[in-house]
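# Observations on the three-dimensional arrangement
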Number of protein chains: 2
Amino acid sequence: MRIVTTKQPGESEQLQIVEQDVPKPSVGELLIEVAAAAVNRTDIITRQTRVNPYLGVEVAGIVREINGDSSFKIGDRVMGLVNQGGYSEYAVMPSDRAMLIPDNLSFTDAAAIPEVFLTAYQTLYWLGELQTGSVVIHAGASGVGTAAIQLAKQLTDAKIIVTAGSAQKLALCQRLGADVGINYHDTDFSERILQETNGQGVDVILDFIGASYWQQNLKSIAVDGRWVLIGILGGRIVEQVDLFALLEKRVQLKGTLLTPRADSYKAALTKEFYTNVAPYLANGTIYPVVDTIFDLADVQTAHEYMEANKNSGKIVLRVKEV
Amino acid sequence: MRIVTTKQPGESEQLQIVEQDVPKPSVGELLIEVAAAAVNRTDIITRQTRVNPYLGVEVAGIVREINGDSSFKIGDRVMGLVNQGGYSEYAVMPSDRAMLIPDNLSFTDAAAIPEVFLTAYQTLYWLGELQTGSVVIHAGASGVGTAAIQLAKQLTDAKIIVTAGSAQKLALCQRLGADVGINYHDTDFSERILQETNGQGVDVILDFIGASYWQQNLKSIAVDGRWVLIGILGGRIVEQVDLFALLEKRVQLKGTLLTPRADSYKAALTKEFYTNVAPYLANGTIYPVVDTIFDLADVQTAHEYMEANKNSGKIVLRVKEV
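All values derive from a computational prediction rather than experimental measurement.

### Observations concerning the overall build of chain A
Helices and strands together make up the secondary structure of chain A, namely ten helices and 16 strands. The C-alpha atoms of chain A give a radius of gyration of 20 Å, which matches the 20 Å a tight globule of 322 residues would have. Expressed as lengths along the three principal axes of its C-alpha atoms, the size of chain A is roughly 60 × 40 × 35 Å. In chain A, of all internal contacts separated by at least 6 residues, the share reaching a separation of at least 24 is 68%.

### A word on the pairing of strand E3 (residues 29-39) of chain B
Residues and elements named next belong to chain B. The element E3 is extensively covered by neighbouring structure, given that eleven of its eleven residues are classed as buried. Of the strand pairs in this sheet, E3 and strand E6 (residues 90-94) are connected by five bridges, and their pairing is antiparallel. Bridged to Glu 33 within E6 is Tyr 90. Here E3 runs beside strand E4 (residues 58-66); their pairing, made up of seven bridges, is antiparallel. Bridged to Leu 31 within E4 is Glu 65.

### Some words on the relation of the copies chain B and chain A
With an axial shift of 0.0 Å and an RMSD of 0.1 Å, the rotation relating chain B to chain A amounts to 180°. Both chain copies can therefore be described as sitting about a two-fold axis. Among all residues of chain B, the one whose C-alpha sits closest to the rotation axis is Leu 253 of chain B, at a distance of 2.5 Å. Looking at the interface residues of chain B, 100% of them are also at the interface in chain A, so both copies use one shared face.

### Some words on the UniProt feature "domain: Enoyl reductase (ER)" (unreviewed entry) in chain A
Here, the residues flagged by UniProt with the feature "domain: Enoyl reductase (ER)" (unreviewed entry) are residues 10-317 of chain A. A distance of 20 Å separates the end C-alpha atoms of residues 10-317 of chain A, which is 33% helix and 28% strand.

### Remarks on the packing of aromatic side chains
Scanning all chains against the criterion turns up 16 aromatic pairs over all chains. Ring geometry for Tyr 121 of chain B against Phe 273 of chain B: centres 5.9 Å apart, planes inclined by 80°, an arrangement best described as edge-to-face. With Tyr 121 of chain B in helix H3 (residues 114-127) and Phe 273 of chain B in helix H9 (residues 263-282), the pair connects residues that are 152 residues apart, well separated along the chain. Tyr 121 of chain B sits in the buried class, given a relative accessible area of 3%. When the ring of Trp 214 of chain B is compared with that of Trp 227 of chain B, the centres are 4.4 Å apart and the planes differ by 35°; the resulting orientation is tilted. Remark: Trp 227 of chain B occurs in strand E12 (residues 221-229) and Trp 214 of chain B occurs in helix H7 (residues 214-220); sequence separation between them is 13 residues. Accessibility assignment for this pair places Trp 214 of chain B and Trp 227 of chain B in one class, buried. Members of the aromatic cluster, connected to one another through ring pairs, are Phe 117, Tyr 121, Tyr 125 and Phe 273 of chain A. Taking NZ or CZ as reference, Arg 261 of chain A lies 4.3 Å from the ring centre of Tyr 265 of chain A, over its face.

### Focus on the packing of helix H4 (residues 143-155) of chain B against H9 of chain B
Residue and element names in this part refer to chain B. Where H4 meets H9, the closest approach of the two axes is 11 Å, and the angle between their N-to-C directions is 90°. Considering the angle they form, H4 stands roughly perpendicular to H9. Contacts between H4 and H9 involve Leu 151, Gln 154 and Leu 155 from the first element and Phe 273, Asn 276, Val 277 and Tyr 280 from the second. Residues of the contact of H4 with H9, tallied by class, amount to five nonpolar, two polar and no charged.

### What to know about the sheet that holds strand E14 (residues 252-255) of chain A
Strands sit in the order E10(A)-E9(A)-E8(A)-E11(A)-E12(A)-E14(A)-E14(B)-E12(B)-E11(B)-E8(B)-E9(B)-E10(B) across an open sheet of twelve strands; the sheet is mixed. Looking along the sheet, the strands with just one partner apiece sit at the ends: strand E10 (180-183) of chain A together with strand E10 (180-183) of chain B. Each neighbouring strand pair of the sheet contributes to a mean axis angle of 15°, computed without reference to strand direction. With four bridges connecting them, E12 of chain B and strand E14 (residues 252-255) of chain B associate as parallel partners. Across the sheet, residue Arg 226 of chain B finds its bridge partner in E14 of chain B, namely Gln 252 of chain B. With respect to the sheet, helix H3 (residues 114-127) of chain A is in contact with strand E8 (134-137), strand E11 (202-207), strand E12 (221-229) and E14 of chain A together with E14 of chain B, its orientation differing from that of E12 of chain A by roughly 150°. The strands touched by helix H4 (residues 143-155) of chain A are E8, strand E9 (159-164) and E11 of chain A; relative to E9 of chain A, the strand with the most contacts, the crossing angle is about 165°.

### Some details on the domain arrangement of chain A
Residues and elements named next belong to chain A. Domain assignment breaks chain A into domain 1 (2-113 + 262-318) and domain 2 (116-255). Computed from C-alpha atoms alone, the centre-to-centre distance between domain 1 and domain 2 is 27 Å. Between domain 1 and domain 2, a total of about 2000 Å² is buried, with carbon and sulfur atoms accounting for 67% of that surface. For the pair domain 1 and domain 2, the interface holds zero salt bridges.

### Examining unusual backbone geometry
Here the phi dihedral of Gln 240 of chain A falls at roughly 60°; this positive angle occurs in a residue that is not glycine. Locating Gln 240 of chain A in the fold gives a position in strand E13 (residues 237-242). Look at Gln 240 of chain A and you get partly exposed, because its relative accessible area is 42%. Its identity is not glycine, yet Asn 52 of chain B carries a phi of approximately 50°, on the positive side. Within the secondary structure layout, Asn 52 of chain B lies in the loop between helix H1 (41-49) and E4. Looking at Asn 52 of chain B, the relative accessible area reads 52%, which means it is exposed.

### Some thoughts on the pattern of salt bridges
Charged atoms that come close allow side chains of opposite charge to pair. One pass over the structure, following the stated rule, counts 32 salt bridges over all chains. For Glu 89 of chain B, the salt bridge goes to Arg 2 of chain B, with nearest N and O atoms at 3.4 Å. Here Arg 2 of chain B lies in strand E1 (residues 2-6) and Glu 89 of chain B lies in the loop between strand E5 (77-81) and E6, a separation of 87 residues in the sequence. Between Glu 11 of chain B and Arg 47 of chain B there is a salt bridge, with the nearest N and O atoms lying 3.5 Å from each other. A residue pair is termed long-range when its members are at least 10 positions apart, and Glu 11 of chain B in the loop between E1 and strand E2 (15-19) and Arg 47 of chain B in helix H1 qualify at 36 residues. Of the residues examined, Glu 11 of chain B reaches a relative accessible area of 42% and is grouped as partly exposed. Take Arg 47 of chain B: its relative accessible area is 0%, and that puts it in the buried class. Here the salt bridges share partners, and the residues they tie into one network are Arg 2, Glu 33, Arg 64, Glu 89 and Lys 320 of chain A.

### Re H3 of chain A
The element H3 of chain A is largely enclosed, with a buried count of 13 among its 14 residues. Glu 129 of chain A sits one or two residues past H3 of chain A and shows a positive phi near 50°.

### Regarding the interface of chain B and chain A
Buried accessible area, meaning the area lost when the parts come together, often serves as the stated size of an interface. The interface is formed by 32 residues belonging to chain B together with 32 residues belonging to chain A. Roughly 2800 Å² of surface becomes buried between chain B and chain A when both sides are summed, with 61% attributable to carbon and sulfur atoms. Considering only the surface of chain B that becomes buried against chain A, Leu 243, Leu 247 and Arg 250 of chain B emerge as the three largest contributors, covering 25% of it. A salt bridge links Asp 224 of chain A to Arg 261 of chain B; its shortest N-O distance comes to 3.2 Å. Remark: the boundary between chain B and chain A carries 14 residue pairs in polar contact (both at pLDDT 80 or more). Those elements that provide at least two residues to the side of chain B that touches chain A are E12, strand E13 (237-242), helix H8 (243-248) and E14 of chain B. Considering every element that reaches the side of chain B that touches chain A, the biggest residue donor is E13 of chain B, with six residues.

How each quantity is defined
Residues numbered from 1 in each chain as written. Chains lettered and ligands numbered in written order. Predicted model: local features only at pLDDT ≥ 70, side-chain atom pairs only at ≥ 80, totals over all residues. Heavy atoms only, no water. Helix = DSSP H or I, 4+ residues; strand = E, 2+ residues; numbered from the N terminus. Rg over C-alpha atoms; globule rule 2.2 N^0.38 Å. Contact = heavy atoms within 4.5 Å. Buried < 20%, exposed > 50% of the residue type's maximum accessible area, 1.4 Å probe, protein only. Pairing = 2+ DSSP bridges. Least-squares fit on C-alpha atoms with pLDDT ≥ 70 in both. UniProt positions renumbered as here; feature names shortened; annotations may be inferred. Phe/Tyr/Trp six-rings, centres within 6.5 Å; stacked < 30°, edge-to-face > 60°. Lys NZ or Arg CZ within 6 Å of the ring centre and 35° of its normal. Axes fitted to C-alpha atoms, helices over the stretch in contact; angles between N-to-C directions. Parallel < 35°, antiparallel > 145°, perpendicular 65-115°, else oblique. Nonpolar A, V, L, I, M, F, W, Y, C, P; charged D, E, K, R; others polar. Domains from an automatic or database assignment. Buried area = accessible area lost by both parts, 1.4 Å probe. Salt bridge = Lys/Arg side-chain N within 4 Å of Asp/Glu carboxyl O. Polar contact = N/O pair within 3.5 Å; in protein donor to acceptor, adjacent residues only side chain to side chain.

Below, the structure written as structure tokens:
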């Protein structure tokens, strides 16, 4: 079977497709024949830093083999997170992490769901504890952003504020359910957020940006707010952090990453997400936003496209017809 | 009645005792004849910053009047948090924030309980989510420190690590239940913590210190650790914060203060604390550590004593015999 790895750690030209044996599922695992996989920033980091990696953390495909007990059967269409090797014709997936694909969704749609929707669910609800009030979702047109906007819209009464860098991206966010869109090129977003929240600030921040937004986020957050840090696209080092401000506002700053978490965590998250969100996916109220579909052979172009921040929504790799 | 206020915001010599009418309890409140009150750092800040403050946020005394429904009766010995005016012969207290004083405890013992034990309970359990694993309690011989050590010892299986600045203070911490005492004058505490936790770091940090401990705390915390920031005795500004380190360790940094929180929060905290901890107070397994008792007339000396960091445990004001 074909699988993507690298010649050596580095830029996208290091990517290569090699031939490998089909993996064998261990007890509790499924063998999936992969129809589509999706590209994530974690794959870029893996490509840059690991030796001989098997890239790809999410797939959609068909169950071909089951080892041990499982609620799935051979032939089921499933999607879900894998620990590695998603950019491949076959991948193994823990059975408790697979989700049945609703009939209305294609494989390329489905491959775009697990990583960003599970991340958005985890950050909004498990870490952000969002119920009512308000949330600001930075990078609103990103994969996680587009998932988070829809989840917040359908599952909570919160006011949804987003930031993005173009009118086109903001329009997408508003179609998905955002109440307020802020173009960060035009405005100090913290001032606008305070206006939109009667001076109280937002209860939850989904922060992919980090250092460059620190001061504005600190101004934007409400007393007892949850500030979920899930990326550092705007830099990692903040100069002059005022702890008294965090104390006085009783801020909860929560750093998180999904990929390195334990199997049991991912299984529990998958179960809760699927129970609460599958009906919305099945009736089309919530849907994955796919920007572009590349063939697996064009994986290098797909990585370069993500690194150029050209996408609104997900980048998907079509692996094969199944 | 006598009550403590200030001539103007400033140092301890601004404190003065004045005559005032006995306050009237509103619906849902008790009038307490105060036998003893305790001194807290929040009182120092209030004295320095507010105009005409009534100082003191915790008292022990006798119920003399009840307005509305209450589970208490006239004559009950109670302790609890008040919103202001604890350094006084009478104070009003929301009924749902009062706690019956166990028979084995004197009023001066009881006055030393509410603020530090409720803070320790809130930070260890509500914010720190401590169950098993390990915790480091900085300023272990402080009021909150001595309360937190005992609560962690009796209510969890966690390994309890403390830091303090003298052998005498560390000996006190170990009598209260600390497993490991670190003198911060002698050692980089983060190295010792990593040794004591097999290189994993601690699951919970109770941090009263802030800026000067930042880097060492960051080294000391485990993946998925909760870092509860409840004071900035070591400064408020951290020069450089590495957000990637917070992200990679999935740190939850939670700033908190108890005094400014809502009445409903304090009532819920009081109820849960009393349900879980009163049996230990009644049988003497958990007890308040009182450093010194001053007469109300010596309130200025009491404040100076706290500001000189001379105390191990609580500073109490004896108000009157009741």
